[in-house]
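Now for the letters of each chain:
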Amino acid sequence: MISFLHRHQGHTFRFQASNWMGWETLWVDDELICRRFSISPQAEYNVKTTNGGNYRLTTLVEPDSQLIICRLYRHHNRAFEHVCSIKQGRDHQMRQSRRLYILSACAMSAALLLLLI
């Protein structure tokens, strides 16, 4: 699972994409904005917040480095201005896989110990 989280001017933007299934979800201020299936290397979301602010969130995969980049833009003075860029690479995905493997191994060990007692 790839996950991006950013807070800007009192708003929380959270984007998640599944490595295996292709599902993408976008949450703004803990409200589900969009959930869709996508296998494209890039995506774009236009978001209007509760106080009327307009934002654009884009994601793309760089072909050379295989970095996944999530960019957030805020609509200001008739144009979108860049707020932040968050990057994740294969190392991050491998660390997450290792953590999941270790967590599941610990859970299975604990379950076996309970069964033996």
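Since the model is a prediction, treat every value here as computed from it, not as a measurement.

**Regarding the sheet that holds strand E6 (residues 54-61)**
Ordered by their spatial adjacency, four strands build an open sheet running E5-E6-E7-E8, and the pairing between neighbours is antiparallel. In this open sheet, the two edge strands, each paired with only one partner strand, are strand E5 (42-48) and strand E8 (79-88). Across this sheet, the average inter-strand angle for adjacent strands is 15°, counted without regard to direction. Pairing of E6 with strand E7 (residues 68-76) involves seven bridges; the strand directions are antiparallel. By the bridge assignment, Val61 is partnered in E7 with Ile68.

**What to know about the packing of aromatic side chains**
Given two aromatic rings, one states the distance between the centres and the angle between the planes to describe the pair. In total, this model carries four aromatic pairs according to the counting rule given. Three or more aromatic residues joined by ring pairs form one cluster here, namely Phe4, Phe15 and Tyr45. We note Arg56 situated over the ring of Phe80; from NZ or CZ to the ring centre the distance is 4.1 Å.

**Focus: the pairing of E5**
Because side chains alternate across E5, one face comprises the buried residues Ala43, Tyr45 and Val47, and the other comprises Gln42, Glu44, Asn46 and Lys48, none of which is buried. Here seven bridges tie E5 to E6, and the two strands are oriented antiparallel to one another. Across the sheet, Glu44 pairs through a bridge with Thr58, a residue of E6. From the end of E5 to the start of E6, which pair antiparallel, there are five residues, and Gly52 there has a positive phi angle of about 95°.

**Looking at the sheet that holds strand E1 (residues 2-8)**
Spatial ordering of the open sheet is given by E1-E2-E3-E4, a layout of four strands whose pairing is antiparallel. On the outer flanks of this sheet lie E1 and strand E4 (31-37), each paired with one strand and no other. For this sheet the average axis-to-axis angle between neighbouring strands, irrespective of direction, equals 10°. Sheet analysis places strand E2 (residues 11-17) next to strand E3 (residues 23-28), joined by five bridges and oriented antiparallel. Of the residues in E3, the one forming a bridge with Arg14 is Trp27.

Quick notes on the rules
Residues numbered from 1 in each chain as written. Predicted model: local features only at pLDDT ≥ 70, side-chain atom pairs only at ≥ 80, totals over all residues. Heavy atoms only, no water. Pairing = 2+ DSSP bridges. Helix = DSSP H or I, 4+ residues; strand = E, 2+ residues; numbered from the N terminus. Axes fitted to C-alpha atoms, helices over the stretch in contact; angles between N-to-C directions. Phe/Tyr/Trp six-rings, centres within 6.5 Å; stacked < 30°, edge-to-face > 60°. Lys NZ or Arg CZ within 6 Å of the ring centre and 35° of its normal. Buried < 20%, exposed > 50% of the residue type's maximum accessible area, 1.4 Å probe, protein only.

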